[in-house]
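Fold and contact review
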Amino acid sequence: MITLYHGSHQAVDSPYVGAGRKKVDFGQGFYLTRLPEQAKAWASTIAERKGRNAQAIISVYSLDYDSVLADEYRVKVFETYTIEWLDYVVDCRNGGEMQKQYDIVEGGVANDNVIDTVEDYENGVITAEQALGQLIYKKVNHQICILNQEIIDKYLTFLSSEVYEE
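Okay, so let's go over this structure. Note that the structure is a prediction, hence the values are computed from the model and not measured.

Focus: the sheet that holds strand β1 (residues 2–8)
- One open sheet accounts for three strands, arranged β1-β3-β7; its pairing is antiparallel. Every other strand in the sheet has two partners, leaving β1 and β7 (156–164) as the edge strands with one partner each. Adjacent strand axes in the sheet meet at a mean angle of 25°, parallel and antiparallel pairs treated alike.
- Where strand β3 (residues 56–63) and β7 come together, eight bridges link them in antiparallel fashion. Residue Ser59 lies in a different strand from β7, and its bridge partner there is Ser161.
- Sheet strands in contact with helix α1 (residues 36–50) are β1, β3 and β7, and its direction is about 15° off that of β1.

Structure, rendered in structure tokens:
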């Protein structure tokens, strides 16, 4: 079992893969992280976007990752920023088909720290090798995107949620 966190402006006790945006890093799915600080930062960002009455809320889950792997779901883990990660993120952010290859994708976040490099690669301003040369100096954050609702229903357990106040 692993503990995962989701940052939002509301508690999410019944996640649904179809509720999120479509053109994001790993495709439309339910996003979590192993890093509580990252979930807190994301929750704060979302609450700020929602307005003065919104709260930053962290939801906590347990994922039976061993059973997911044992049941032979299609899992892709990007350990570092690679050309494969770069191409996957660009494809997903453009609404491509690559996200349909996997049930769970885990890896780095294309956040404010790296998005300029990703966009320069996507727009042909720099090559993949140049992009990776820039990304090597960036801190890799962490995200897990569950793309298959069956995994959520069978293996993800909601534990709690709490308001995060900076």
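Still to come is the rest of the account.
A closer look at the side chain of Asp103
- With respect to the secondary-structure elements, Asp103 resides in the loop between α3 (83–93) and β5 (104–107).
- The class for Asp103 is buried, based on a relative accessible area of 7%.
- A distance of 3.0 Å separates polar atoms of two side chains, one belonging to Asp103 and the other to Asn148.
- The residues touching Asp103, leaving out its near neighbours within four places in the chain, are Tyr73, Arg74, Cys145, Ile146, Leu147, Asn148 and Ile151.

Scoring rules and cut-offs
Residues numbered from 1 in each chain as written. Predicted model: local features only at pLDDT ≥ 70, side-chain atom pairs only at ≥ 80, totals over all residues. Heavy atoms only, no water. Pairing = 2+ DSSP bridges. Helix = DSSP H or I, 4+ residues; strand = E, 2+ residues; numbered from the N terminus. Axes fitted to C-alpha atoms, helices over the stretch in contact; angles between N-to-C directions. Contact = heavy atoms within 4.5 Å. Buried < 20%, exposed > 50% of the residue type's maximum accessible area, 1.4 Å probe, protein only. Polar contact = N/O pair within 3.5 Å; in protein donor to acceptor, adjacent residues only side chain to side chain.

Geometry only, nothing functional implied.
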